[in-house]
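Coordinates in review
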Amino acid sequence: MPRVSADFGWGRFKNHAEELRKKIGLSVQDEVVTRLYETSSQLTHRFIRSERKEISKRERDLDDILTSRLWGFPIMLAMLGVVIYMTIWGANVPSDMLATFLFAIEDYITAFFQWAGAPDWLHGLLVLGLYRGVAWVVSVMLPPMAIFFPIFALLEDYGYLPRVAFNMDRLFKKAGAHGKQSLTMAMGFGCNAAGVIACRIIESPRERMIAILTNNFVPCNGRWPTLILMSFIFLGAIGAAQSSILAAGLVVAIVLIGISFTLFVSWLLSKTALRGVPSTFTLELPPYRRPQFVKTLVRSIFDKTLFVLRRAVIVAAPAGVVTWILANIIVGDASVLAHLANWLNPFAKALGLDGYILMAFILGLPANEIVLPILVMSYLATGAMTEMESLSDFWNLFLDHGWTWLTALNMMLFSLLHYPCGTTIFTIYKETKSAKWTAVAFLLPTSIAIITTFLIAQFVYFMGWV
C-alpha cells in the first residue's frame, strides 16, 4: 500500500529554510517565526482596521530610536546613569533619617540594659553587635531598594525593558548566553539576590545557570556606598578635583567593567563547564503603555524590597555578633580581629590592599553594607561599628593607615568582583538546589577578584607608581 505524505509542504519549507540559514545565518526556528509574523501581519492588515494609526506610528518611531544600533546603547547607558543617580541621590536623606531613628532606639535599648543591670558583655553582644549590625543593613539597604525596584518596575510596565533585552541580545548571544540575562543583570543593580531570583524567566537551564553565576558582577545597592566613597578617595589621591561629576563618571566606568566581566565570564562558561548552543530568543516587543504607579509601587515593595530585606537581616544579624566578639576579645596586646588582620597583611599587600580591608570583606560576607563600618571600627579600634561624620574624616583616617590611589582603586575592583553576599549565596542555593554550583558562585568571582587586583598591584609596584 503506498505511503501518503502528510507534511503539508513542511519538507519543502524546511529545505528552503536550511538554504536560507546557510546564506544569512538564520536557524529554522528563526525562519518559522519570521514566516508566522509575516503571515499574521498580512492577515491583520487585510481584515482589521486600526483606529490607532497615529499612536502606532509614534510607537514605531520610538522603537526605531530605542532599538537602533546607533542610539540604542547610548540611551541605555544614559538611562542606567539616571536610575543610579536617582537611587543614590534619593536614598541619602531617607538613609540618614532611618539610621538616626534606629540608633535613637539603640539609646533606649542601652538605657534599658543599664536599668536592668545587665553585664557589659551582654549589652555589647546584643546591642553593639547584633542590633547595630542589623540597623546598618536596614538603613543602608531599605531606601535604595525602595527607590530602585519601583523605578525598575515602572520601566518594565512602560515597555522599555523588553527593548533593553532586544538591544543586549546580540552581545549575550555572542557570549553564549541568553538575551533575557540583560534583564536579570539590570535587576542585580538593585540587589543581586533579586537578580538571581529573576533568572527564572530564562527557560534554558544551562543559560539560567550562566546568568545566576555572573549576576554578581554588577554592583548591588550594598556596594554603592563603597564604590562612591572610594571614587572620591581615588580622585583625591591622584590630585583630581573631588567633584561629584568626576566621581559619578568613575563609578559608571566601574559598572561598565562589571558588565564586561559579565559578558566575558558568560562566554568562558559557555565554552567550558556550561557548553551548549545558545537558545533562540524570540521576543515580541509589547506596546508602550502608561504605568500603574500605585499598583507598581505596592507590588515592588512587598514582592521584592521587603522579601530581599528579610533575607538580608536574617543573614546579617549573626555577622554583627561575630564582628563584636572578634573586636573585643583581647589576646596579648591586641584584639583577635587585629591579629587576624596582621596575619592576612602580607597577602593583602600583594593585592594592593591591607589586612584590615580583607578582614572587613570577610566579616562583611553576610551583607556588603557593613564592610565600611567594620573597616572604620578596625582602624579606630572602637570595638563596635562606627560611622564617620564626613568625607574628609574618611580621607584622613585612610591616609593615616597608608592608603594610596592604588588602595582605593583595588578596593573598588575587589568590591565589584568578589564573592556574593550571604543573602545572594543563600538565594543561589535555594534556586539551584545544588551545593556544587553554589560553591562555584562563591569561588569563581573571588578568584577573578584576587587575580585582577594582584595583577594591577604588581604592575603598579613594578612601574614604581606608588
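Below you will find a few notes about this structure. Values in this document were obtained by computation on a predicted structure and should not be read as measured data.

Definitions and cut-offs
- Positions within a chain are numbered from 1, following the residues in the order the chain's sequence is written.
- In keeping with the predicted nature of the model, local features appear solely for residues at pLDDT of at least 70, side-chain atom pairs appear and are counted solely at 80 or more, and the whole-chain, interface and lining totals rest on all residues.
- The side-chain quantities take in all heavy atoms of the structure and omit both hydrogens and water.
- A run of H or I in DSSP becomes a helix once it reaches four residues, and a run of E becomes a strand once it reaches two; helices and strands are each numbered from the N terminus.
- When accessible area is computed with a 1.4 Å probe and restricted to protein chains, residues below 20% of their type maximum are described as buried, those above 50% as exposed, and intermediate ones as partly exposed.
- Any two residues whose heavy atoms approach within 4.5 Å at even a single point are treated as in contact.
- Note on geometry: axes are lines fitted to C-alpha atoms, helical ones only across the stretch in contact, with angles between N-to-C directions running from 0 to 180 degrees.
- Roughly parallel means an angle under 35 degrees; roughly antiparallel, over 145; roughly perpendicular, 65 to 115; everything else is oblique.
- Put simply, a crossing is left-handed when the front helix is turned counterclockwise from the back one by less than a right angle, and right-handed when it is turned clockwise.
- Charged residues are taken to be Asp, Glu, Lys and Arg, nonpolar residues to be Ala, Val, Leu, Ile, Met, Phe, Trp, Tyr, Cys and Pro, and polar residues to be all remaining types, Gly included.
- The working definition used for a salt bridge is a side-chain nitrogen of Lys or Arg within 4 Å of a carboxyl oxygen of Asp or Glu.

1. Details of the overall build of the protein
- Secondary structure summary: the protein contains 19 helices and two strands in total.
- Each of the 466 residues in the protein was classed as buried or not, and the buried ones make up 49%.
- A sequence separation of at least 24 residues applies to 74% of the contacts in the protein between residues at least 6 apart.

2. Here's the deal with the packing of helix α15 (residues 371-380) against helix α16 (residues 391-400)
- The interhelical angle for the contact between α15 and α16, taken along N-to-C directions, is 55 degrees, at an axis separation of 11 Å. By the angle class used here, α15 and α16 are oblique. Remark: the crossing between α15 and α16 carries left-handed chirality. On α16, the residues touching L375, V376, Y379 and L380 of α15 are F394, L397 and F398.
- Across the contact of α15 with α16, the residue classes tally to seven nonpolar, no polar and no charged.

3. Quick look at the side chain of T262
- Along the polypeptide, T262 turns up in helix α11 (residues 244-271).
- Leaving out residues up to four positions away in the same chain, T262 has contacts with F172, Q181, M185, T214, F217 and V218.

4. Things to note about the pattern of salt bridges
- Scanning the entire structure with this criterion turns up five salt bridges.
- Note that E431 is salt-bridged to R200, the shortest N-O span being 2.7 Å. Of this pair, E431 sits in helix α18 (residues 422-432) while R200 is found in the loop between α8 (192-198) and α9 (205-214), placing the two residues 231 residues apart along the sequence.
- For E431, a relative accessible area of 25% translates into the label partly exposed.
- Across the pair R206 and E207 runs a salt bridge whose closest N-O atoms are separated by 3.5 Å. Grouping residues by exposure puts R206 and E207 together as buried.

Function cannot be inferred from these measures alone, as they are strictly geometric.
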